[in-house]
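Now for the letters of each chain:
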Amino acid sequence: MKHTLNLTGRNLFDLDVYSIEEIETIFETAKVMKEINSREYKKIPTLRGKTVATLFFEDSTRTRISFELAIKRLSADVVSFTTAGSAMKKGESIQDTVYTLNAMGIDLYVVRHGCPGVPQLVNKYSNKPVLNAGDGRHAHPTQALLDMFSIWEKRGSLKGLRIAIIGDILHSRVVRSNLIGMKKMGANVVVCAPRTLMPPKIDEVYGVQCEYDLKKAIKDADVVMGLRMQLERQTEGLFPGLGEYTSRYGLSNKMLEYAKDDVLVMHPGPMNRGVEILPEVADSEHSIIIEQVANGVAVRMALLFLILGGKPGREVA
Amino acid sequence: MILLKNGMVFLSDKKKIEKADVLIDKKVIKKIAPAIDVKNAEVIDCTGMHIFPGFVDMHCHLREPGYTYKEDIASGAESAAKGGFTSICCMPNTKPAIDNISTLNYIMRKARDVGKTKIFVIGAMSKGIEGKEIANIASLINGGIVGLSDDGNCIQVAKLQLNVMRYASIYDIPMICHSEDYSLSGDGQVNYGYMSTKLGLPGIPTLAEEIMVSRDIMLADVTDSRVHIAHASTKRTVELIRQAKKDGIKVTAEVTPHHLILTEKACDGFDTNTKMKPPLRSEEDRKALVEGLLDGTIDVIATDHAPHSDYEKELEFMKAPFGVIGFESAFPVLYTSFVKTGKMKLEYLLEKMTSKPAEIIKKDVGNLNEGAPADINIFNLEDSFTFDESEILSKSKSSPFLGMKMWGKIHYTICDGKFTWKI
């Protein structure tokens, strides 16, 4: 076994405080979980008796389902909280919501919220480990981990890889966590967007390259990741329309010719086919978009397992 | 009579600190001299202590009427007294707003009853601080306001701001401008730049302030009125004010202790006690503010004491209101950061907190001279303390300086010859 790090009781607000070794531990554990997910009976008893609450203050389908599956496959109990129809609608604060749930004996919280910093608040009021499932534009570390795991699995390492991330960088929490993680794991990252969708000083904050021309961004890339482009940005006056966007920043076969021959194409989903990514690319042999989704469950299982007291590496099975 | 013995006294007319005794008779400073000896006086031994003119704060929020769960005139005045303030100016964003004589009179009467500090009132520029129609400015001035402002509700329509200034320009009163273009600040939470990117929070660009400062300076120029830029926070704002002063435009400006000392980096960790407007800026901006203060471009230091209740500040960062308290930390934190480190002379800091703001609001306060009102505070500058929530008298405990070790402990505050704070 390669690593023996103990992650028990840790929070995951973002990847900044996780070391390279800890991230590799998560990857190696995820690899084992992935094997479990391929069995006919996809369940292990490790977390029997533990209770996980998923608090989704903001709508989510894939992340919530991915977490719930991960929790169930480890045999923990799960209670799901969504704001629709909850006491939050009656004006209850986060503080009181967490106090209430905590009184019922929750062991770990999974939190999604539209405002940055809420996972930290939930941890403050619950004193229980919190997994950030996306807080506003700030961070989405489990998505970043599964993205990196998907690359790591294919290439063995992220070191020295050229990774291009294309799209609405400004509003993306996925990008922020990925930039922290990918830089940490030794990749060279270039971000590409129209200038109105690029956050200020991003090169300074993350040590990445900033590019406004798609061709230059993609050139010699080992990995190209597209991001969801939302139509709302048009009414906010940030770009003129999807047509012009697709013509400048859409991922097409023609554009992919500038990348390396064995380039991996990724997308955190949900995709707008024909906008930021053309079907010819999304469904091509380069695409690992569907694998990302499968890896999401494995990575989340690994995190839950490690944080709720499992031993790292191969000892799982 | 009160006799302050053996203290180091800041003499406002000489701008010097000298060892002397100070004799207070009723509401007036009767005599300042070495070794005063009188009978029947209450003697305070000030050996090892400093005697300053009571501080003057030209920008605070007392929240009464309308928001007394955040603060009220009594709690605000107590907090001010503990900070060594003897004169404070409250902003009109109350409910109802101070855009009418009866609200003005209510506050002035209440302030007199409380008596802990002199409270001067800033009146609204527009009715209901809604930025639509000119408020009854002449009546408010007649009623005793010392300045005009819509503060946090910056008038967006240039034409209205122009008319407010033109209408009020015949009175010698400062137009206090919280300069912010809302189309640029939007739903911004922290400075647009490094931290907004890192925290994934919408940013407030420095431009939102600078564009409005430019406008307000130009409007002051064409209307020949007196504009006072509230809480300057950016490098370019300082440059604009510096140039305007060179051009002979009647502009003054203030800066807060938090903008002089902290930067946007303080927002890392989503502490809502670092959320205020304008937001904490970059180190480059902070340096420019200090420079502007030192070269006289910025005239005064104001606290922008903006209390909110704890349950409001304990919300999600994006939902928590803007604003932090300032009275009780202002002098110690400035003394610790600038005077103790040798970056600023104590005398200079005192002027910025006493005679300079008094000059702008045109009130006979903030001077420690024979014959002046007996507004005084007494500090032990050798004494340090940790700024702790439990010691705060304001109803709000929301300060970005909590937990900081500060030098300069207040022992007494005297306002109009009466003790308003004793250790």
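Thresholds, definitions, all that
Residues numbered from 1 in each chain as written. Chains lettered and ligands numbered in written order. Predicted model: local features only at pLDDT ≥ 70, side-chain atom pairs only at ≥ 80, totals over all residues. Helix = DSSP H or I, 4+ residues; strand = E, 2+ residues; numbered from the N terminus. Rg over C-alpha atoms; globule rule 2.2 N^0.38 Å. Buried ≥ 20, exposed ≤ 12 C-beta atoms within 10 Å, placed from the backbone. Contact = placed C-beta atoms within 7 Å. Domains from an automatic or database assignment. Axes fitted to C-alpha atoms, helices over the stretch in contact; angles between N-to-C directions. Parallel < 35°, antiparallel > 145°, perpendicular 65-115°, else oblique. Left-handed = near helix turned anticlockwise from the far one by under 90°. Nonpolar A, V, L, I, M, F, W, Y, C, P; charged D, E, K, R; others polar. Pairing = 2+ DSSP bridges. Arc of directions from axis to C-beta. Expected span 1.5 Å × (residues − 1).

Enquirer: Could you give an account of the overall build of chain A, naming the residues involved and the relevant values?
Expert: Of regular secondary structure, chain A possesses 13 helices and nine strands. Relative to the globule expectation of 20 Å for 317 residues, the C-alpha radius of gyration of chain A, 19 Å, shows essentially globular dimensions. The principal-axis extent of the C-alpha atoms belonging to chain A is close to 55 × 50 × 35 Å. Every one of the 317 residues in chain A was classed for burial, and the buried ones make up 50%. Taking the intrachain contacts of chain A between residues at least 6 apart in sequence as the baseline, contacts between residues at least 24 apart amount to 74%.

Enquirer: So what's going on with the domain arrangement of chain B? Which residues, and what values?
Expert: Residue and element names in this part refer to chain B. Segmentation of chain B into domains returns domain 1 (2-50 + 372-422) and domain 2 (54-361). Just the C-alpha atoms count here: the centres of domain 1 and domain 2 sit 26 Å apart. Counting residues at the interface gives 31 residues for domain 1 and 43 residues for domain 2. Those elements that provide at least two residues to the side of domain 1 that touches domain 2 are β2 (16-25), β16 (376-386), β17 (405-415) and β18 (418-422). Per-element tally for the side of domain 1 that touches domain 2: the top contributor is β17, with six residues.

Enquirer: Which residues make up the packing of helix α1 (residues 20-37) of chain A against helix α13 (residues 289-307) of chain A, and what values do they have?
Expert: Residue and element names in this part refer to chain A. Where α1 meets α13, the axes come as close as 8 Å, and the angle between the chain directions of the two elements is 120°. Comparing their axes, α13 and α1 come out oblique. α1 and α13 meet at a crossing whose hand is right-handed. Residues I26, T29, A30, M33, K34 and N37 of α1 pack against N295, V297, A298, V299, M301, A302, L303, F305 and L306 of α13. Looking at the contact of α1 with α13 residue by residue, the class counts come to 11 nonpolar, three polar and one charged.

Enquirer: Please set out the interface of chain B and chain A residue by residue, giving values where relevant.
Expert: Contact residues are listed per partner, giving 17 residues for chain B and 21 residues for chain A. The greatest single-element share of the side of chain B that touches chain A, amounting to five residues, is contributed by helix α6 (residues 194-199) of chain B. When the residues that make up the side of chain B that touches chain A are grouped by side-chain class, the tally is eight nonpolar, five polar and four charged.

Enquirer: Help me get a handle on the sheet that holds strand β8 (residues 223-226) of chain A, residues and values and all.
Expert: In any sheet, the strands associate via hydrogen bonds between backbone groups, in a parallel or an antiparallel arrangement. Residues and elements named next belong to chain A. Across the sheet, which stays open at both edges, the five strands sit in the order β7-β6-β5-β8-β9 with parallel pairing between neighbours. Taken across any chain shown, the strands that pair with only one partner, and hence form the sheet edges, are β7 (209-211) and β9 (264-266). In this sheet, neighbouring strand axes are inclined to one another by 20° on average, regardless of whether the strands run parallel or antiparallel. By the bridge criterion, five bridges tie strand β5 (residues 162-166) to strand β6 (residues 188-192) in an arrangement that is parallel. Each residue of the ladder has a partner; that of R162, found in β6, is N188.

Enquirer: Before we move on, could you go through unusual backbone geometry and cite the residues and values that matter?
Expert: Residue and element names in this part refer to chain B. For the bond from E64 to P65, the omega torsion is 0°, close enough to zero to count as cis. Considering the arrangement of structural elements, one finds P65 in the loop between β6 (55-60) and α1 (73-82). In this model, K277 is joined to P278 through a cis peptide bond whose omega is -15°. Phi at D151 is positive, roughly 30°, even though this residue is not glycine.

Enquirer: Give a description of the sheet that holds strand β1 (residues 51-56) of chain A that names residues and reports values.
Expert: All names here are of chain A. On the basis of which strands lie adjacent, the open sheet formed by four strands has the order β2-β1-β3-β4 and parallel pairing. Each having just a single partner strand, β2 (77-82) and β4 (130-135) make up the two edges of the open sheet. Ignoring which end each strand starts from, the neighbouring axes of this sheet average 10° apart. Two elements, strand β3 (residues 108-113) and β4, share four bridges in a ladder whose sense is parallel. Opposite V110, over in β4, you have L131 as the bridge partner.

Enquirer: An account of helix α4 (residues 158-168) of chain B is requested, with residue identities and associated values reported.
Expert: Helical geometry note: an α-helix holds 3.6 residues per turn, so side chains three or four residues apart project in the same direction. Residue and element names in this part refer to chain B. Buried within α4 are the following residues: Q161, V164, M165 and A168. Along the axis of α4, the buried positions cluster into a sector of 90°, meaning they face one direction only. Each element contacted by the buried residues of α4 is listed here: α3 (137-143), β9 (147-148), β10 (175-177) and α7 (206-223).

Enquirer: Tell me about the domain arrangement of chain A, and please be specific about residues and values.
Expert: Residues and elements named next belong to chain A. Split by domain assignment, chain A resolves into domain 1 (15-140 + 295-316) and domain 2 (141-293). One C-alpha centre belongs to domain 1, the other to domain 2; they are set 26 Å apart. Taken together, the contact between domain 1 and domain 2 spans 23 residues of the former and 23 residues of the latter. Residue assignment for the side of domain 1 that touches domain 2 shows that the elements contributing at least two residues are α1, β4 and α13.

Enquirer: Any chance you could break down the packing of helix α3 (residues 94-103) of chain A against helix α4 (residues 118-126) of chain A for me, citing the residues and the numbers?
Expert: All names here are of chain A. Taken N-terminus to C-terminus, the directions of α3 and α4 make an angle of 50°; their axes are 9 Å apart at the nearest point. Considering the angle they form, α3 stands oblique to α4. Crossing of α3 against α4: the hand is right-handed. Facing α3, whose interface residues are I94, Q95, V98, Y99 and N102, α4 presents V118, L121, V122, Y125 and S126. Across the contact of α3 with α4, the residue classes break down as seven nonpolar, three polar and no charged.

Enquirer: So what about the pairing of strand β8 (residues 118-123) of chain B? Which residues, and what values?
Expert: Residues and elements named next belong to chain B. Most of β8 sits out of view: six of its six residues are buried. With burial as the criterion, each face of β8 is covered, one bearing K118, F120 and I122 and the other bearing I119, V121 and G123. Judged from the four bridges that link them, strand β7 (residues 85-90) and β8 form a sheet pairing that is parallel. Paired with I88 across the two strands is I119, which belongs to β8. As judged from the two bridges shared by β8 and β9, these two strands associate in the parallel manner.

Enquirer: Would you mind going over the environment of A139 of chain A in detail, with residue names and values included?
Expert: Looking at the element boundaries, A139 of chain A is found in the loop between β4 and α5 (141-155). On the basis of neighbour count, A139 of chain A is assigned to the buried category, with 30 C-beta atoms found within 10 Å. Distance from A139 of chain A to G241 of chain A, taken between C-alpha atoms, is 27 Å for residues 102 residues apart in sequence. A139 of chain A has contacts with F13, D14, N132, R173, R176 and S177 of chain A together with G200 of chain B, leaving out every residue within four places of it along the chain.

Enquirer: Now, about α1 of chain A: what can you tell me, with residues and values included?
Expert: With 18 residues, α1 of chain A should cover 26 Å at 1.5 Å per step; its first-to-last C-alpha distance of 25 Å lies within 8% of that length. Considered for burial, the residues of α1 of chain A that qualify are I23, T25, I26, F27, E28, T29, A30, V32 and M33 of chain A.

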